[in-house]
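Breakdown of the fold
Each chain, written out:
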Amino acid sequence: MQEHDHTHDHTHGVVDATLTTSARGLWAIKWSFIGLAITALLQSIVVIISGSVALLADTIHNFGDAATALPLGIAFLFSRRKATSRFPYGYGRVEDLAGLIIILIIFLSAVVAAYQAIDRFFHPQTVSHLGMIIIASLVGFLGNELVAIFRIKVGKEIKSAALIADGYHARVDGWTSLAVLFGALGIWFGFPLADPLVGLGITIAIFFIVWDSVKSVLFRSLDGIEPEIIHKIEHVAMGTKGVHSVKSVKARWVGHRVYTEIALEVDPKGSFQEIEKITKELKHQLHHDISYLEKVVIELVS
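Our subject in this report is the structure included herewith. Please read all numbers here as calculations on a predicted model, not as lab measurements.

**Remarks on the environment of F219**
Position of F219 relative to the elements: it lies in helix α7 (residues 194-221). Once residues within four sequence positions are removed from consideration, F219 is found in contact with G224, I225 and E226.

Right, dumping it as structure tokens:
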């Protein structure tokens, strides 16, 4: 039995992939934070003027979303640090921890929004400037949708589950922002409870987002991996000349990079040079076909 540890023998250029993707992630976080912060600030002005609790719930949530950039940014900064003897796999797991912090922030924003909406049922207030509320609703929708497109695009480029999830989260937020418009229209047509009802509806939508995010983050924290990634690794291995069979494939996410261990069967009569050639070719092809692959450990079995 032989074991080969192949780490970055094949790279496209001289820049470490982890550093490159982390820098790209930080860039996306910075600009999406700016976009959401501007959106929330514009909405907060209208909240003060109008007194709309539906718009207040949406604004609180957008501020919460902007705040999630902090733990995610810290996670990407940590992922750029080199592995140590204490942390031999590096600091990619900080990204999972950031995901949990993000979920907590979103949950707390939902609790605050729920309190405000329920309180408005017992203590009704006049909502004014309906036209401005409608404009603020559209601003919230457009701001979130632009951030969603941006985060999802960059997240898919660098294979960051946290960034992709944050992008889809922003997309749902855009639709909840649009719901504020219907609250304003309800008031316009003589139904004042439409405003707190929409605020409560937005809060419920946020709680559903929290639940979906919890499942996604825990999936990776428990070393879950998408089956299609395993199948792709197996397919590449079986397509490599000299590989007789693939006995097992294990893989896991560490941050937004994948570590994999492959057990192969090759010709036991092959020379050391021939076996080395097979493993080098397999690793080369894996890194070529799976850009987010960080480390490959190959075990040869008979």
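**What about the pairing of strand β4 (residues 293-301)?**
Across 8 bridges, strand β3 (residues 257-266) lies against β4 in parallel orientation. Within β4, the position partnered with V258 by the bridge is L293. Following the backbone out of β3, through helix α9 (residues 272-289) and into the adjacent parallel β4, one traces a crossover that is right-handed.

**Some remarks on the packing of aromatic side chains**
The final tally for this structure, using the stated rule, is 4 aromatic pairs. Between F78 and Y91 the ring centres are 5.8 Å apart and the planes differ by 45 degrees, which places this aromatic pair in the tilted class. One end of the pair, F78, is in helix α3 (residues 69-79); the other, Y91, is in the loop between α3 and α4 (94-122), with 13 residues separating them in the sequence. With a centroid separation of 5.7 Å and 65 degrees between ring planes, the pair formed by F107 and F207 is classed as edge-to-face. Here F107 is found in helix α4, whereas its partner F207 is found in helix α7, with 100 residues between them in sequence. An aromatic cluster of three or more residues is present, and its members are F78, F87 and Y91. Over the ring of Y91 we find R81; its NZ or CZ atom is 4.9 Å from the centre of that ring.

**Considering unusual backbone geometry**
The phi torsion at D223 lies on the positive side, around 65 degrees, for a residue other than glycine. Tracing the backbone through its elements, the reader meets D223 in the loop between α7 and α8 (227-238).

**Regarding the side chain of T260**
Structurally, T260 can be placed in strand β3. Residue classification places T260 among the buried residues on the basis of a relative accessible area of 3%. Among residues more than four places away in sequence, those in contact with T260 are I233, V249, K250, A251, L293, K295, V296 and V297.

**Describing the nonpolar core**
Within the largest apolar cluster, 30 residues are counted, with the highest numbers of intra-cluster contacts made by I133 and L163. When contributions to this core are tallied by element, the ones reaching two or more residues are α1 (17-50), α2 (53-67), α3, α4, α5 (130-158), α6 (161-188) and α7. Considering every element that reaches this core, the biggest residue donor is α5, with 6 residues. Discounting chain neighbours no more than four positions away, the residues touching L163 are G25, A28, I29, L72, R151, V154, G155 and I158. Residues A237, A251, W253 and I262 belong to the second largest nonpolar core, which totals 24 residues.

**With respect to the pattern of salt bridges**
Pairing is possible between side chains of opposite charge, provided their charged atoms come close. Scanning the entire structure with this criterion turns up 5 salt bridges. With a shortest N-O distance of 2.2 Å, D223 and R93 are connected by a salt bridge. Residue D223 is found in the loop between α7 and α8, and its partner R93 is found in the loop between α3 and α4; the two are separated by 130 residues along the sequence. In this structure R93 comes out as partly exposed when scored by relative accessible area, which is 30%. Across the salt bridge formed by E294 and R257, the nearest N and O atoms sit 3.0 Å from each other. Here E294, found in strand β4, pairs with R257, found in strand β3; they are 37 residues apart in sequence, far enough to count as distant. R257 matches E294 in its accessibility class, with the two residues each being buried. Within the structure, one salt-bridge network assembled from shared partners comprises R93, D223 and R252.

**Considerations on the environment of L36**
With respect to the element layout, L36 can be found in helix α1. Residues L36 and G140 lie 104 residues apart in sequence; the distance between their C-alpha atoms is 8.6 Å. With residues up to four places along the chain from it excluded, the contact list for L36 reads N62, D65, A66, N144, V147 and R151.

**Remarks on the side chain of Q43**
Tracing the backbone through its elements, the reader meets Q43 in helix α1. Owing to a relative accessible area of 1%, Q43 belongs among the buried residues under this scheme. At 3.4 Å, the side chain of Q43 forms a polar contact with the backbone oxygen of A136. Not counting chain neighbours up to four residues away, the residues in contact with Q43 comprise L55, D58, T59, N62, A136, G140 and S177.

**Describing the pairing of strand β2 (residues 243-254)**
Relative to β3, β2 runs antiparallel, the two being bridged by 10 bridges. Within the sheet, the bridge partner assigned to A251 lies in β3 and is T260. In this structure, the hairpin formed by β2 and β3 is closed by a connection of 2 residues, where G255 is found at a positive phi of approximately 70 degrees.

Reading guide: rules and limits
- Along each chain, the written sequence defines residue order, and numbers are assigned to residues from 1.
- Per-residue local features of the predicted model are confined to residues with pLDDT of at least 70, and side-chain atom pairs are confined, for both listing and counting, to 80 or more; whole-chain, interface and lining totals are unaffected and use all residues.
- The basis for every side-chain value is the complete set of heavy atoms in the structure, and neither hydrogens nor water enter the calculation.
- For helices the rule is a DSSP run of H or I covering at least 4 residues; for strands it is a run of E covering at least 2, with both sets numbered from the N terminus onward.
- Only heavy atoms matter for contacts: two residues are in contact if any of them lie within 4.5 Å across the pair.
- Should DSSP find at least two bridges between two strands, the strands are regarded as paired.
- The handedness rule is simple: strands pointing away from the viewer, and a clockwise path from the first strand over the helix to the second, make the crossover right-handed.
- Put simply, two rings from Phe, Tyr or Trp (the six-membered ring, in Trp's case) pair if the centres are within 6.5 Å, and we call them stacked under 30 degrees between planes, edge-to-face over 60, tilted for the rest.
- Whether a charge sits over a ring comes down to the Lys NZ or Arg CZ being within 6 Å of the ring centre and within 35 degrees of the ring normal.
- With a 1.4 Å probe rolled over the protein chains alone, any residue whose accessible area is under 20% of its type maximum counts as buried; one over 50% counts as exposed, and the rest are partly exposed.
- The nonpolar core is taken to be a set of buried Ala, Val, Leu, Ile, Met, Phe, Trp, Tyr and Cys residues, with the residues joined through side-chain atoms within 4.5 Å.
- Any carboxyl oxygen of Asp or Glu that lies within 4 Å of a side-chain nitrogen of Lys or Arg is treated as forming a salt bridge with it.
- Counting of polar contacts relies on pairs of N or O atoms within 3.5 Å, with two restrictions inside protein: one atom must be capable of donating a hydrogen and the other of accepting it, and residues adjacent in sequence are counted only when both atoms are side-chain atoms.

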